[in-house]
Amino acid sequence: MKEMNTTYDPKAFEDKIYEKWTSEGSFRAEVDPAKLPFTVMMPPPNVTGRLHMGHAMDETMQDVIVRFKRMQGHSVLWLPGVDHASLATEHKLVEKLREEGTTKEELGREEFLRRAWAWKEEYGGSIVGQLKKLGSSCDWSRLAFTMDETCSKAVREAFFRLYEKGLIYRGSRIINWCPDCKTALSDEEVSYSEDAGHFWYFKYPVKGTEEFITVATTRPETMLGDTAIAVNPKDERYARFVGKTVILPIVGREIPVVADDYVDIAFGTGAVKITPAHDPNDFEVGLRHDLPMIRVLGDDGRVNEAGGKFCGLGRYEARKQIVAEMEGLGLLSKIEPHAHNVGHCHRCNAVLEPVVSKQWFVRMKPLAGPAIHAVMQNKTKFVPDRFAKIYFNWLENIRDWCISRQLWWGHRIPVWYCADCGEVICARETPAKCPKCGSEALHQDEDCLDTWFSSALWPFSTLGWPEATEDFKYFYPTDVLVTGYDIIPFWVMRMMFSGLEYTGKVPFRNVLIHGLVRDEQGRKMSKSLGNGVDPLDVIEKYGADSLRLSLVTGVAPGNDTRYSDGKVEAARNFINKIWNASRFVLMNAEGKIPKLSEVQLQPADRWIISRLQTTIREVTVSLQKYDLGIAADKLTDFVWNDLCDWYIELSKPALYGGDPERKRGTLAVLLFVLESAIKLLHPFIPFVTEEIYGYLPGAEGSIVTADYPRYNTKLAYKKEAKAFEEIIDLIKSVRAMKVEVGCPPSKKVPLYIVTEQKRLVAANRACIQKLAGVSEVYLAESGAEAGERPVSKVCSAGQIFVPLGELVNIEAERARLEKELERVMGEIARADGKLTNKNFVAKAPRKLVEDEAAKKEKYLDMKKRIEQQLKLL
RNA sequence: GGGGGCAUAGCUCAGUUGGUUAGAGCGCAUGCUUCACAUGCAUGAGGUCACAGGUUCGAGUCCUGUUGUCCCCACCA
């Protein structure tokens with residue numbers, strides 16, 4: 001046997017073990033008709049990114065599930081991948097170019113893309129390395145990238161199909177425009193924050209009168225594009241103006257006063273300036289009243305030619321000058337401070353401009369319906385199910401999805417325009433000529449697709465769809481998607497409707513939603529706060545297993561969790577415990593160790609085997625329900641308390657007692673329980689369990705593909721285990737008693753036990769001596785055998801007595817017993833309360849009533865004993 | 001305005017379909033160099049489960065309301 005180090009040192013083996021797994025192809029998924037598939041698609045991290053704590057938790061959860069299923073005998077595919085992250089990557093690249101003193105326009109599309117690919121190669125590889133550090137057991141031979149050939153083909157196919165069905169259209173709508181990234185965004189990519197702003201009240205002169213209509217605005221610069229004033233048709237204050245015109249100050253344009261229900265009489269002045277090209281509501285008003293749309297802000301956020309003399313000014317400079325000029329004209333009636341929600345770019349945080357723009361959209365209503373139904377019919381289940389509500393809420397209020405981006409890094413829109421006849425051609429492959437006029441003067445749409453358009457296809461594009469590949473047929477639909485609640489609108493929803501639309505099936509049967517990993521004070525980890533913790537630093541310090549375990553323990557599904565070094569330390573300490581328990585077993589395991597079935601089991605053996613069975617059942621059930629936190633908790637409890645604190649201590653008399661057969665039997669039990677525990681733990685802490693597995697005599701191959709322990713009724717030993725609990729209780733009682741009376745733990749005292757479990761106590765005499773710190777164990781008929789005034793305590797097995805002679809303080813002892821009596825009386829009263837309640841006896845399950853009665857008996861017995869003892873004092 | 005979460009020990013959190021005396025980790029107190037482990041062992045203190053009603057034989061758990069707190073969506077120019 002190789003020697004194990006005295007302390008757990010993850011650095012000594014984690015990397016080595018991952019290499020072994022890789023070289024042995026342990027995570028290779030096989031299409032095997034004899035097995036049930038189990039498929040998980042990894043949410044692809046962005047190429048630009050570095051793994052953060054959120055990823056670490058997400059990956060750990062997936063890995064736990066996947067390793068569990070693999071050990072259970074499924075043919076597991078956990079498919080890893082990387083996302084091209086169109087906007088995020090391009091944004092970073094553009095910044096880099098700026099530092100180099102150039103721009104993407106200067107480089108040109110081709111050169112820019114060449115650089116982007118180089119960037120991808122560099123960062124994509126680093127993400128893979130980080131995932132391996134964590135221990136992720138994914139099939140690297142199937143590593144996918146959202147822009148690889150297979151995925152790109154799927155994107156064109158999907159676009160083509162939607163286009164043919166009329167579910168993709170091009171149109172001029174108000175979209176969110178980022179003047180920094182210079183692209184359109186979808187509604188989901190806008191993050192709102194409350195910013196301090198102002199209301200500027202402008203007076204617009206009514207033509208042909210001396211009167212004014214006052215309007216308020218938060219964006220004065222948009223007045224350049226005003227094409228009407230709207231009032232509510234029921235508003236008597238303005239009724240006489242409807243149908244008249246006002247003269248737009250500075251610009252001089254004559255614009256109508258229209259009546260529209262959209263205007264809230266009670267808000268502001270009751271009159272609204274209408275800028276159809278720069279506000280979604282105004283846009284609608286404009287359509288209803290057939291108003292011209294005048295766009296006054298260009299793509300760079302500067303006023304354009306339509307803005308006359310302000311042309312070329314930045315939007316805020318224009319705002320300043322316009323306000324000043326209005327004031328000069330005496331048309332600024334007041335300024336009020338006003339906090340309002342302003343949309344910011346998800347990526348660069350710039351203030352967005354709503355502008356009218358010609359973009360590509362996906363018609364969402366027809367796609368949302370089936371996606372809602374599938375979840376209603378439980379074809380896909382959310383875990384926890386409360387997230388289904390959030391999902392419904394999104395889909396029921398969904399608006400068309402703007403999918404075009406004015407970017408270069410991404411999937412180019414598969415649409416071509418004929419320069420000669422203007423025909424619009426959507427095709428899977430680049431067309432050679434115009435199908436209408438035969439012209440070869442075709443040019444492809446300049447824009448790219450929203451990154452999420454390709455992500456939406458991830459569960460099947462990675463398997464080769466639209467081809468009916470073996471992988472696709474075998475591994476699709478996938479079993480579970482693991483992701484954070486913040487991604488539901490971006491991704492979960494879109495994969496759902498995409499899967500249903502293109503494959504006719506839900507893309508996954510379950511969605512396991514988790515929360516965010518926050519910092520120690522509960523704040524979101526963010527770059528600006530600088531409070532992010534790098535998982536790799538933690539791994540460096542504590543090892544990957546400790547990080548993994550700390551990220552799933554004490555976490556309830558869907559809830560946020562806080563990261564803290566303390567939690568990782570606790571996990572590390574636990575793993576060190578496992579390590580040393582293994583070391584203890586292996587140090588003693590010499591010679592040939594018999595199988596469990598060949599051994600004469602002792603009461604303690606049956607107890608630990610029984611506890612193991614219970615643990616197997618509980619952990620298996622929890623994992624099947626994706627309750628990782630509960631599973632980890634049960635395992636920790638079993639290994640630390642039952643195995644280490646009790647069974648290992650109980651085994652020592654047998655190991656060192658000099659009876660070779662007893663020793664071999666105990667070792668058989670120790671090895672069996674240890675091996676089972678290691679297997680149960682493996683999904684959570686794969687490295688250390690693999691390392692320990694390698695030391696176990698008789699263990700073959702890798703723990704990765706070992707059989708997951710199964711609950712065995714024959715090994716449940718329910719009765720025996722319950723009986724043995726009395727021995728444990730007895731030992732605890734002796735220890736407590738010694739502490740209570742101030743007897744030093746090192747002082748060995750004789751122990752007298754009055755019990756009906758004579759055989760059980762006798763069989764465990766050595767254990768009681770060792771664990772309770774007792775010199776001799778006597779089976780007594782009464783406390784009198786322990787001499788005059790022994791200290792006593794009742795326990796579930798009966799009553800224990802220790803003659804402590806001069807150590808006993810009569811008064812203290814009386815107080816101690818009285819306190820105990822009080823507690824017992826309380827219990828009796830409680831049980832009595834239930835048992836005298838006719839309704840309880842009649843309606844509660846019989847077992848419960850019986851238990852309660854038995855309990856009362858037990859406490860009555862205890863009461864009697866304590867009272868007797870008090871009399872003797 | 002709409003939707004949702006959370007409120008349990010000093011702190012961080014678990015608590016399965018309602019059912020023993022509500023748990024864990026950390027922290028705290030006391031005592032232990034016991035031959036796997038001080039990254040440890042033993043013993044212990046600490047909780048009106050936010051509040052008020054209701055359903056039930058029985059509520060931390062289910063229902064209604066209140067308060068506090070956080071998040072998401074929408075958004076009035």
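Here, the structure is the one placed above.
Residues numbered from 1 in each chain as written. Chains lettered and ligands numbered in written order. Predicted model: local features only at pLDDT ≥ 70, side-chain atom pairs only at ≥ 80, totals over all residues. Heavy atoms only, no water.

Asker: Explain the nonpolar core to me, and be specific about the residues and the numbers.
Answerer: Phe684 and Leu730 are the most contacted members of the largest nonpolar core, which has 131 residues in total. A total of 13 residues in this core trace back to one element, the largest contributor, which is helix H19 (residues 628–656). Contact partners of leucine 730, with chain neighbours within four places excluded, come to Leu751, Ile753, Val761, Ile768, Cys795, Ala797 and Ile800. One finds Ala144, Trp360, Val375 and Cys426 within the second-largest nonpolar core, a separate group that totals 61 residues. (Core = buried A, V, L, I, M, F, W, Y, C linked by side-chain atoms within 4.5 Å. Buried < 20%, exposed > 50% of the residue type's maximum accessible area, 1.4 Å probe, protein only. Helix = DSSP H or I, 4+ residues; strand = E, 2+ residues; numbered from the N terminus. Contact = heavy atoms within 4.5 Å.)

Asker: Explain the side chain of arginine 319 residue by residue, including any values.
Answerer: Tracing the backbone shows arginine 319 in helix H8 (residues 315–328). Setting aside residues no more than four positions away along its own chain, arginine 319 makes contact with Trp200, Thr218, Arg219, Pro220 and Glu221.

Asker: Describe in detail the protein's contact with RNA strand B, supporting the description with residues and values.
Answerer: The immediate surroundings of RNA strand B are formed by 61 residues, with Asn281, Asn341, Arg830, Lys843 and Tyr859 found nearest. Per the 4 Å cut-off to the protein, sugar and phosphate atoms form 64% of the nearby atoms of RNA strand B. One of the side-chain N or O atoms of lysine 634 is found 3.4 Å from a base oxygen in RNA strand B. In this structure, aspartate 645 approaches RNA strand B through a side-chain N or O atom, which is 3.1 Å from a phosphate oxygen. Considering every element that reaches the surface near RNA strand B, the biggest residue donor is helix H17 (residues 565–588), with 11 residues. Per-class residue counts for the surface near RNA strand B are 25 nonpolar, 14 polar and 22 charged. (Near = heavy atom within 4 Å. Polar contact = N/O pair within 3.5 Å; in protein donor to acceptor, adjacent residues only side chain to side chain. Nonpolar A, V, L, I, M, F, W, Y, C, P; charged D, E, K, R; others polar.)

Asker: Now, about the packing of helix H9 (residues 365–376) against helix H10 (residues 386–396): what can you tell me, with residues and values included?
Answerer: As a packed pair, H9 and H10 sit with axes 10 Å apart at the nearest point and diverge in direction by 165 degrees. When the interaxial angle is binned, H9 and H10 end up roughly antiparallel. Considering how the two elements wind past one another, H9 and H10 form a crossing that is left-handed. In this structure, H9 contributes Ala368, Ala371, Ile372, Val375 and Met376 to the contact, and H10 contributes Ala388, Tyr391, Phe392, Leu395 and Glu396. Partitioning the contact of H9 with H10 into residue classes produces nine nonpolar, no polar and one charged. (Axes fitted to C-alpha atoms, helices over the stretch in contact; angles between N-to-C directions. Parallel < 35°, antiparallel > 145°, perpendicular 65-115°, else oblique. Left-handed = near helix turned anticlockwise from the far one by under 90°.)

Asker: Describe the packing of H19 against helix H20 (residues 660–681), and please don't skip the residues or the numbers.
Answerer: Running from N to C, H19 and H20 point in directions that differ by 165 degrees, and their axes come no closer than 10 Å. By the criterion of interaxial angle, the relationship of H19 to H20 is roughly antiparallel. Along this stretch, H19 crosses H20, giving a crossing that reads as left-handed. Every residue of H20 that contacts H19 at Leu635, Phe638, Val639, Leu643, Tyr647, Ile648, Ser651, Ala654 and Leu655 is listed here: Arg662, Lys663, Thr666, Leu667, Val669, Leu670, Val673, Ala677, Leu680 and Leu681. Residue classes in the contact of H19 with H20 are distributed as 15 nonpolar, two polar and two charged.

Asker: Can you lay out the packing of aromatic side chains for me, pointing to particular residues and giving the numbers?
Answerer: Overall, the coordinates contain 34 aromatic pairs when judged by the stated rule. Between tyrosine 8 and phenylalanine 13, the aromatic rings sit 6.3 Å apart at their centres with planes inclined by 45 degrees, giving tilted as the arrangement. We classify tyrosine 8 as buried; its relative accessible area is 7%. Overall, the relative accessible area of 2% leaves phenylalanine 13 in the buried class. On the basis of an interplanar angle of 50 degrees and a centroid distance of 5.1 Å, the ring pair of phenylalanine 382 and tyrosine 391 is categorised as tilted. Look at tyrosine 391 and you get buried, because its relative accessible area is 0%. Through successive ring pairs, a cluster of aromatic residues spans Phe159, Tyr163, Trp360, Trp401, Phe453 and Phe497. Sitting above the plane of the tryptophan 21 ring, arginine 67 keeps its charged end 4.5 Å from the centroid. For lysine 132, the ring lying beneath its charged end belongs to tryptophan 140, and the centroid distance is 5.3 Å. (Phe/Tyr/Trp six-rings, centres within 6.5 Å; stacked < 30°, edge-to-face > 60°. Lys NZ or Arg CZ within 6 Å of the ring centre and 35° of its normal.)

Asker: How would you summarise helix H2 (residues 53–71) if you had to cite specific residues and measurements?
Answerer: For H2, spanning 19 residues, the distance from its first C-alpha to its last is 27 Å, which sits close to the expected 27 Å at 1.5 Å a residue. Judged by how many residues are buried, H2 sits mostly within the fold: 18 of 19 residues are covered. Looking one or two residues beyond H2, the residue adopting positive phi is glycine 73, at roughly 105 degrees. (Expected span 1.5 Å × (residues − 1).)

Asker: Requested: an account of the pattern of salt bridges, with residues and values cited.
Answerer: For the structure on display, the rule yields 62 salt bridges. In this structure, the salt-bridge partner of lysine 207 is glutamate 254, at a minimum N-O distance of 3.3 Å. One end of the pair, lysine 207, is in the loop between strand E7 (190–205) and strand E8 (212–217); the other, glutamate 254, is in strand E11 (residues 254–259), with 47 residues separating them in the sequence. The exposure class assigned to lysine 207 is partly exposed, which follows from its relative accessible area of 44%. (Salt bridge = Lys/Arg side-chain N within 4 Å of Asp/Glu carboxyl O.)

Asker: Account for the pairing of strand E29 (residues 798–802), with residues named and values stated.
Answerer: Burial of E29 is extensive: five of the five residues sit out of reach of the surface. As defined by bridge partners, strand E26 (residues 749–755) adjoins E29 across four bridges and the pair is classed as antiparallel. What sits directly across from valine 754, in E29, is glutamine 799. Where strand E28 (residues 791–795) meets E29, five bridges bridge the pair, whose relative direction is antiparallel. By the bridge assignment for E29, valine 791 is matched with valine 802. (Pairing = 2+ DSSP bridges.)

Asker: Can you break down the sheet that holds strand E18 (residues 415–418) residue by residue, with the values?
Answerer: Sheet architecture is open: three strands sit in the order E19-E18-E20, paired in antiparallel fashion. Taken across any chain shown, the strands that pair with only one partner, and hence form the sheet edges, are strand E19 (424–426) and strand E20 (442–444). The mean inter-strand angle of the sheet, taken between neighbouring strand axes irrespective of direction, is 30 degrees. Sheet topology places E18 next to E20; three bridges connect them, and they run antiparallel. When the bridges of E20 are listed, tyrosine 417 appears paired with histidine 443.

Asker: Give a detailed account of the sheet that holds strand E15 (residues 381–383), specifying residues and quantitative values.
Answerer: The sheet built from three strands is open, its strands ordered E15-E23-E22 with parallel pairing. Of all strands in the sheet, those with a lone pairing partner are E15 and strand E22 (478–484), marking the two edges. Put simply, the sheet's adjacent strands are angled 20 degrees from each other on average, direction ignored. In the sheet, E15 pairs with strand E23 (residues 508–514) via three bridges, with the strands oriented parallel.

Structural measurements only, silent on function.
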